[in-house]
Amino acid sequence: MKMTSPLPPPGKEMGHYVSEAPFDVMSIEKISPEQEKIYLAPQWKLMWWKFRQHRIAVWCGVFLAILYATIFISEFLAPYNIQTRNVDHIYSPPQQVHLFHEGEFVGPFVYRQQYKLNMETLKREYTKDTSKVDKIRFFCTGDTYHWWGLVEMETHLFCPANGGELFLLGTDRLGRDMFSRIMGGARISLTIGLLGVMVSFVLGIVIGGMAGYYGGWVDMVVQRMIEVLQSLPSIPLWLALAAIMPVTWSPLVVYFGITVILGLLDWTGLARAVRSKLFSLREEDYVMAAQLMGAKPSRIISLHLVPGFMSHLIATATIAIPTMILGETALSFLGLGLRPPITSWGVLLIEAQNINVVALYPWLMLPVVPVVLVILAFNFLGDGLRDAADPYK
Amino acid sequence: MMRCLRLALLTMLLVLGVQTNAFAMTFEETPYFSDLVKAGKIDPVARRVPQQPRIIDLAKIGREPGVHGGKLRMLMGSKKDVRMMVYYGYSRLVGYDLNYKLQPDILASYEVEDGRIFTLHLRPGHRWSDGAPLTAEDFRFAFEDVMLNKKLARGGLPNSMLVNGKGPKFTVIDELTVRYEWDAPNPQFLPALAAPLPLYLTYPSTYMKQFHADFIGKQAAEALAKERKYKHWRAMFIRLGRQNRPENPDLPTLEPWFNTIAPPSEQFVFKRNPYFHRVDSNGRQLPYIDTVEMNISSPNLIPAKTGAGESDLQGRYVSFEDYTFLKQSEKRQGYNVLLWKSAVGSKVAIRPNLNFKDDAWRAVMQDARFRQALSLGIDRHEINMVTFFGLGQEVADSPLMQSPLFDEEYASAWASHDPVLANRLLDQVGLTKRDDDGTRLLPDGRRAELIIETAGESTVETDVLQLITDHWQALGLKVFTRATQRDIFRSRLKAGNTMMSVWSGLDNAIPQPSMSPEELAPSNDSQTQWPQWGLYGMTDGKSGTEPDLASARRLLSMWQEWQQSRDDETRERIWNDMLKLYTSEVFSIGTVNSTLQPIVVSKKLHNVPKEEVYSFQPGSYFGVFMVDTFWFQDGLGSD
Amino acid sequence: MLRYIAWRITVMVPTLLMISALVFTIIELPPGDYFESYVAELQAQGENVDLKAIEALKVQYGFDKPPVERYFHWVWGMLHGDFGYSFEYELPVTDVVGDRLWLTMLVSFVTIIFTWLVAFPIGIYSATHQYSWGDYGLTFVGLLGLATPNFLLALVFLYLANLWFGTSIGHLMDAQYFNEPMSWAKAKSIMEHLIIPVIIIGTAGTAGMIRRIRANLLDELQKQYVITARAKGLHPFKALMKYPLRMSMNFFISDIGSILPAIISGAEITAIVLSLETTGPLLIRALQAQDMYLAGSFLMFLAGLSVIGVLISDFALALLDPRIRLQGAHTK
């Protein structure tokens with residue numbers, strides 16, 4: 001309907017026209033069902049689709065999920081306990097798994113090893129005895145272990161044949177199976193990163209949030225704190241903090257202490273990110289609306305502001321985990337942190353840190369493989385999450 | 001009559017001739033100095049050596065006389081290791097020979113009267129490395145102006161010069177003779193002179209007087225100190241005069257080589273001492289080798305570097321673990337790997353701390369049966385097989401077979417593997433009650449959990465502890481190991497916070513009766529089995545606590561008896577008594593000794609013994625074997 | 001603007017004071033002090049220790065005074081340029097550090113250049129070819145350096161280099177050049193030995209840099225002006241280099257703050273394993289031995305550099321980007 005009536009005189013109300021005819025909102029511009037899916041999708045769904053584009057990130061996520069799942073049953077998955085020694089098989093190289101013996105299919109097996117001491121170089125030499133076939137047993141009974149320290153069990157996924165040995169990744173200087181040790185070490189190495197990141201997460205959000213929201217002198221104090229902590233090289237701080245941990249603490253408590261230390265020194269990056277994000281976000285209208293409605297600052301921060309960039313935080317945190325894992329290995333190198341008899345990948349790597357291993361027993365360096373894989377996986381995952389974090393870009 | 005006279009004359013000449021055969025000896029000039037001698041800058045060799053040099057007859061000790069020349073390369077792990085040259089050089093007033101018997105070295109001779117009066121005779125014409133003569137004045141300066149100077153020696157005289165708390169009466173008899181006299185015998189005096197870290201009775205006085213306030217005046221001394229960036233003249237004097245750590249290139253020395261580079265540096269070069277007092281029987285002044293190059297590197301890299309052929313003589317920082325790697329690289333590089341025996345009482349020894357703060361535990365540990373049980377519970381054979389290829393001796397913490405004080409009784413004291421007897425002994429001690437998992441309970445109901453602390457420096461220790469944990473599990477004792485840093489380790493021990501600790505066994509495992517048995521008695525606060533009692537013994541009762549155990553008190557009194565002994569028979573008797581008591585009481589739980597120490601020697605280096613005992617006390621590492629007699633084929637090093 | 005500068009400088013003073021207090025506490029925190037470690041070390045070597053002489057030493061260096069007094073002495077000294085005395089080396093701190101400083105800076109500069117050379121192309125390629133296999137592959141390579149623990153890698157490289165090329169193990173030059181003056185042969189030896197540390201330390205830093213370049217560039221490439229430029233027919237390469245890349249260089253400037261101290265003491269662990277003559281191992285040893293002045297003064301030096309670096313980068317950013325200047329307090 002065209003507007004034909006003239007403009008009203010100044011000061012007078014404008015005419016108001018509302019059509020009574022029925023009107024379908026979607027008639028002007030129809031959207032197809034596919035489009036409907038996209039435009040009406042919740043945020044997390046959008047993130048998931050964006051995340052899926054990064055194929056490697058997805059694979060890494062799956063890989064890590066599996067790895068973390070194995071922590072629960074690591075004793076079951078390993079053929080030996082992490083402390084089981086076999087003094088007749090010290091520094092034994094990895095055994096090859098064969099399927100065919102003399103042309104016949106026998107199933108997975110290893111050949112038994114013969115041990116001889118080379119008296120000239122004092123080197124232990126192992127040769128394959130191709131006559132003795134040691135078939136690998138599955139779902140068998142092996143070393144006893146306490147599942148999570150509670151239930152005593154004996155079943156393993158696979159074990160050596162009776163009377164034989166199965167060293168998939170070789171043994172170390174006390175004859176302990178490396179495969180079992182790497183599986184056992186995963187428990188500590190993987191979780192130390194998570195706990196440490198959680199500590200720094202909490203600290204970062206709380207402190208950064210306060211600085212970002214309140215600004216002013218709170219912000220200044222926090223900024224100085226961050227500056228102070230960031231200008232000190234991390235290693236001296238680690239040294240000092242680790243040196244004051246009492247010797248009498250049990251290994252578990254030491255472990256927690258280390259995670260707290262790693263987390264305490266890492267929150268600054270997160271706090272800075274939170275702070276800068278909050279600076280830009282707090283000027284948004286919805287914040288002002290919430291304030292006008294009388295919401296307390298803590299509610300505003302936690303309910304309105306933080307979820308807005310939670311995805312970004314998660315991405316940052318995911319990338320911080322590898323730093324923790326590497327930090328644990330660095331601490332072990334300096335003689336702080338976890339020491340034997342606690343088993344973690346860092347401890348295993350330290351035991352491999354000498355020329356004899358590099359030159360003569362290189363299989364002892366294999367724990368570096370899961371370390372590298374996990375760190376890569378976390379990095380790719382974090383990249384993918386961060387790319388997906390802002391789906392409205 | 002004429003006949004008698006002629007005979008007398010002949011005899012006299014013969015005697016004189018024998019005495020002055022040194023003059024009759026023709027010396028061969030050292031090629032290193034030939035240019036300087038020709039230019040007149042330095043005396044020819046005949047005048048550089050003392051008029052009565054010490055002649056080393058190499059053939060008599062089964063070695064080959066050598067030729068001059070070459071550079072010896074060594075790898076060390078810290079810049080403090082310059083002190084190694086004092087150990088390797090082993091030039092002492094009185095030293096140990098290859099059988100660890102005392103013999104004069106720098107001194108021409110010495111006499112001991114009644115075990116308390118020591119008369120020392122110097123070699124005429126003996127000079128310091130800068131050419132200044134070595135005379136009695138150097139001894140007097142050292143004694144009166146340094147050792148007795150309250151400002152320089154704040155701690156007073158060292159223990160080896162004190163008898164009943166009193167120092168000696170020092171007299172200069174003539175320019176080449178001095179005398180130290182005590183009221184009672186001082187058996188520690190000569191061993192202290194022969195020790196790897198010796199008691200220094202002499203200072204290069206001509207050089208040092210220019211830094212001493214009493215000789216140049218206090219103001220001049222302080223000004224000099226300021227100029228050289230020291231806080232006081234005392235600090236300057238002590239630093240510049242440190243003979244046991246040759247950091248000052250200008251400090252004259254009597255050692256075969258002297259340092260030419262002041263720290264900080266990654267490399268220290270030692271050059272030969274032109275006035276060294278030893279010669280070989282061919283008239284060549286020792287040492288054979290011209291220079292020693294000491295390269296400082298990270299300790300963990302040293303095995304790798306040695307395997308790459310970067311060292312000509314290496315015993316430090318390589319251990320038995322590295323043997324296979326070194327042996328395999330032997331052919332590629334130009335060295336041989338020898339295997340010497342490591343001379344400690346036990347490679348890994350566990351010591352219960354009898355001064356532990358916890359009363360209940362202390363009572364248990366002070367019961368000898370507890371310690372004996374622990375010792376019986378260890379399967380030394382497994383440890384030997386796993387860690388040392390079965391090449392060690394499965395014995396208690398005791399002297400090695402090479403020592404005259406070795407006895408099967410001491411070595412096998414409580415060293416068999418007998419868990420049955422061990423369990424019985426533990427029951428007798430009173431640990432009869434057990435927890436659900438089989439762990440024994442203390443009388444007050446707590447679980448018998450042993451916490452063993454280590455300085456965390458050696459994987460061998462960790463491995464052995466791992467094995468022992470399992471062995472003692474069978475006795476109903478749970479073991480936890482804690483690794484710390486060395487200084488925390490020691491401070492905790494002194495404070496009584498450590499229950500048990502791990503270290504190596506007896507430091508001197510090839511003792512002679514003439515050496516002090518202090519390790520067997522509470523004599524030092526660094527002894528990890530009884531730090532407080534050790535402090536008591538060290539300070540003569542002024543600090544620390546008196547030993548509770550009668551056996552420890554007995555050891556203390558026997559040690560004091562040794563300190564007043566007059567002859568070697570008495571000392572031998574005391575040693576045997578002490579060893580018997582010490583090993584039967586098991587104050588230190590030994591595992592394996594006579595383990596092997598790889599020694600890497602360049603193929604071109606001669607006179608290095610093929611199989612010997614490697615020890616700090618008393619062998620001074622390579623010192624006793626006379627590094628100055630090692631020589632390079634054709635005088636050419638490995639360059 | 002000037003007010004901003006003056007304000008930041010005045011704020012720097014309390015920051016540095018706080019840092020100095022923190023540094024002092026950190027060093028004093030572990031139980032014991034240098035003299036105890038010294039005594040422990042001597043005893044472990046079987047040397048007789050004269051306890052009374054040690055006591056005298058303690059008094060001489062003021063260790064019988066309470067910590068607070070010692071702290072003030074130290075800070076006062078530093079303000080006068082006296083960085084104190086190292087117990088371990090028995091030399092003034094400046095003498096101990098001075099020698100190693102130029103070698104450390106050499107290693108750091110070469111490493112930084114290497115990092116940039118590697119990270120830049122990878123970052124740019126990654127951003128422009130997002131989600132391609134090239135992107136994945138190159139990022140993987142870049143991340144590999146970060147993921148591998150340096151100390152293990154160092155040892156393996158050393159061994160292989162010696163096995164294949166005969167390079168002497170560790171250090172920054174062959175043993176014969178240690179105390180020699182600079183020459184072509186010495187320089188060549190240094191270059192040869194620099195390869196391993198630079199690769200190991202450098203690859204650890206590339207991952208972070210790749211990620212940042214990639215992220216920033218991606219942000220910029222989405223912006224309107226890029227589309228406009230391409231639509232106007234600008235060559236793709238120029239469209240990439242001339243505008244978006246320059247805009248994303250922002251982070252370089254903010255990095256100055258952290259790079260400065262890293263230049264002086266970076267990569268302590270790698271340096272320890274490789275036995276490099278840099279300041280990193282010096283610092284670690286000083287901390288472990290509780291060599292108060294050496295460790296403390298050096299840490300203060302690093303912290304000071306860091307604070308100054310942050311200052312410089314903040315100024316530079318403020319100059320470049322007016323938006324940043326305007327951070328006010330929150331108005332309610």
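No experiment lies behind these values; they were computed from the predicted model shown. (Residues numbered from 1 in each chain as written. Chains lettered and ligands numbered in written order. Predicted model: local features only at pLDDT ≥ 70, side-chain atom pairs only at ≥ 80, totals over all residues. Heavy atoms only, no water.)

In terms of helices and strands, chain B carries 23 helices and 23 strands. With the C-alpha coordinates aligned to their principal axes, the bounding extent of chain B is approximately 95 × 70 × 60 Å. Counting over 639 residues, chain B shows a buried share of 60%. Restricting to contacts in chain B with at least 6 residues of sequence separation, those with at least 24 account for 71%. Summed over its atoms, the accessible surface of chain B is roughly 24300 Å², and 51% of this surface lies on carbon and sulfur atoms. Considering chain B, the positive charge centre built from 75 side chains and the negative charge centre built from 78 side chains are found 4 Å apart. (Helix = DSSP H or I, 4+ residues; strand = E, 2+ residues; numbered from the N terminus. Buried < 20%, exposed > 50% of the residue type's maximum accessible area, 1.4 Å probe, protein only. Contact = heavy atoms within 4.5 Å. Areas by Shrake-Rupley, 256 points an atom, 1.4 Å probe, with all protein chains shown as cover. Lys, Arg positive; Asp, Glu negative; His and termini not counted. Charge placed at Lys NZ, Arg CZ, Asp CG, Glu CD.)

All names here are of chain B. A complete count under the given rule lists 13 cavities of 30 Å³ or more for this structure. Approximately 190 Å³ is the volume attributed to the largest cavity. Lining the largest cavity are 16 residues; nearest its centre among them are Ser91, Ile106, Tyr200, Gln243 and Leu254. Residue classes in the lining of the largest cavity are distributed as 10 nonpolar, 4 polar and 2 charged. One number sums up the size of the second largest cavity: a volume of about 150 Å³. Together, 17 residues line the second largest cavity, and Pro246, Thr253, Glu255, Trp257 and Phe258 are the ones closest to its centre. (1 Å grid on protein atoms, 1.4 Å probe; cavity = no way out; pocket = protein on both sides within 12 Å on 5 of 7 lines; lining within 4 Å. Points joined across faces, edges and corners; volume = space filled by probe spheres on them. Nonpolar A, V, L, I, M, F, W, Y, C, P; charged D, E, K, R; others polar.)

All names here are of chain A. Tallied over the full model, the rule gives 1 disulfide over all chains. Note that Cys140 is cross-linked by a disulfide to Cys159, the S-S spacing being 1.7 Å. Residues Cys140 and Cys159 share a disulfide whose torsion about the S-S bond is about 105°; that sign makes it right-handed. Placement of Cys140 in strand β4 (residues 137-147) and of Cys159 in strand β5 (residues 151-159) is noted, with a sequence separation of 19 residues between them. For Cys140, a relative accessible area of 6% corresponds to the buried category. (Disulfide = S-S within 2.5 Å.)

Before going further, it helps to examine the interface of chain A and chain C. Between chain A and chain C, the residue contacts involve 52 residues of the former and 50 residues of the latter. For the pair chain A and chain C, the summed buried surface comes to about 4800 Å²; carbon and sulfur atoms form 73% of the total. For the pair chain A and chain C, the interface holds 0 salt bridges. Where chain A meets chain C, there are 0 residue pairs in polar contact (both at pLDDT 80 or more). Per-element accounting of the side of chain A that touches chain C gives the leading share, 10 residues, to helix α15 (residues 368-389) of chain A. (Buried area = accessible area lost by both parts, 1.4 Å probe. Salt bridge = Lys/Arg side-chain N within 4 Å of Asp/Glu carboxyl O. Polar contact = N/O pair within 3.5 Å; in protein donor to acceptor, adjacent residues only side chain to side chain.)

All names here are of chain A. Summarising the element assignment, Asp172 is placed in the loop between β5 and α6 (178-214). Residue classification places Asp172 among the buried residues on the basis of a relative accessible area of 2%. Along the chain, Asp172 and Trp147 lie 25 residues apart, while their C-alpha atoms are 24 Å from each other. Leave out the neighbours within four places in its chain, and Asp172 touches Ile90, Tyr91, Met178, Arg181, Glu351 and Leu364.

Bringing the pattern of salt bridges into the picture now. In this structure the tally under the stated criterion is 51 salt bridges over all chains. Close ionic contact of Asp105 of chain B with Arg278 of chain B constitutes a salt bridge, the shortest N to O distance being 2.8 Å. In this pair, Asp105 of chain B is assigned in the loop between β4 (102-104) and β5 (109-113) and Arg278 of chain B in strand β11 (residues 278-280), connecting sequence segments 173 residues apart. Classification of Asp105 of chain B by relative accessible area gives buried; the value is 2%. Taking the shortest distance from any N to any O, the salt bridge between Asp114 of chain B and Arg566 of chain B comes out at 3.0 Å. Residue Asp114 of chain B is located in the loop between β5 and β6 (117-121), and its partner Arg566 of chain B is located in the loop between α22 (550-562) and α23 (568-585); the two are separated by 452 residues in the primary sequence. Each member of the salt-bridge network shares a partner with another, and the members are Asp172, Arg173, Arg176, Arg181 and Glu351 of chain A together with Asp463 of chain B.

Judged by nonpolar contacts, the single largest core of 221 residues is most densely connected at Trp361, Phe370, Leu450, Trp472 and Met500 of chain B together with Trp74 of chain C. For this core, the element with the highest residue contribution is helix α14 (residues 292-320) of chain C, accounting for 12 residues. Core analysis: the next-biggest nonpolar cluster, separate from the first, contains 43 residues, Met74, Phe270, Leu605 and Val608 of chain B among them. (Core = buried A, V, L, I, M, F, W, Y, C linked by side-chain atoms within 4.5 Å.)

As a further point, take the pairing of strand β17 (residues 478-483) of chain B. Residue and element names in this part refer to chain B. Here strand β16 (residues 449-454) pairs with β17 via 6 bridges, running parallel. By the bridge assignment, Glu453 is partnered in β17 with Arg482. As for the winding sense of the linkage, the β-α-β connection from β16 through helix α19 (residues 459-473) to β17 is right-handed. (Pairing = 2+ DSSP bridges. Right-handed = clockwise from strand over helix to strand, strands pointing away.)

Residue and element names in this part refer to chain B. Pro287 follows Leu286 through a cis peptide bond whose omega is 0°. The linkage connecting Gln617 with the following residue, Pro618, adopts the cis geometry, with an omega of -5°. Assignment of secondary structure puts Pro618 in the loop between β22 (613-614) and β23 (631-632). Despite not being glycine, Phe389 has its phi angle at roughly 55°, a positive value. When you line up the elements, Phe389 lands in the loop between α16 (380-388) and α17 (408-411). For Phe389, a relative accessible area of 17% gives the class buried.

Right, let's talk about the packing of aromatic side chains for a bit. Residues and elements named next belong to chain B. All chains considered together, the criterion is met by 47 aromatic pairs over all chains. Ring centres 5.0 Å apart and planes at 65° place the aromatic pair Trp182 and Phe189 in the edge-to-face group. Note on Trp182: relative accessible area 2%, which makes it buried. A residue is classified by how much of its surface remains accessible, and Phe189, at 0% relative accessible area, is buried. For the pair Phe320 and Phe389, a centre-to-centre distance of 5.8 Å together with 80° between the ring planes defines the contact as edge-to-face. Pair noted here: Phe320 is in the loop between β13 (313-314) and α13 (323-329) and Phe389 is in the loop between α16 and α17, with a separation of 69 residues, a long-range link. (Phe/Tyr/Trp six-rings, centres within 6.5 Å; stacked < 30°, edge-to-face > 60°.)

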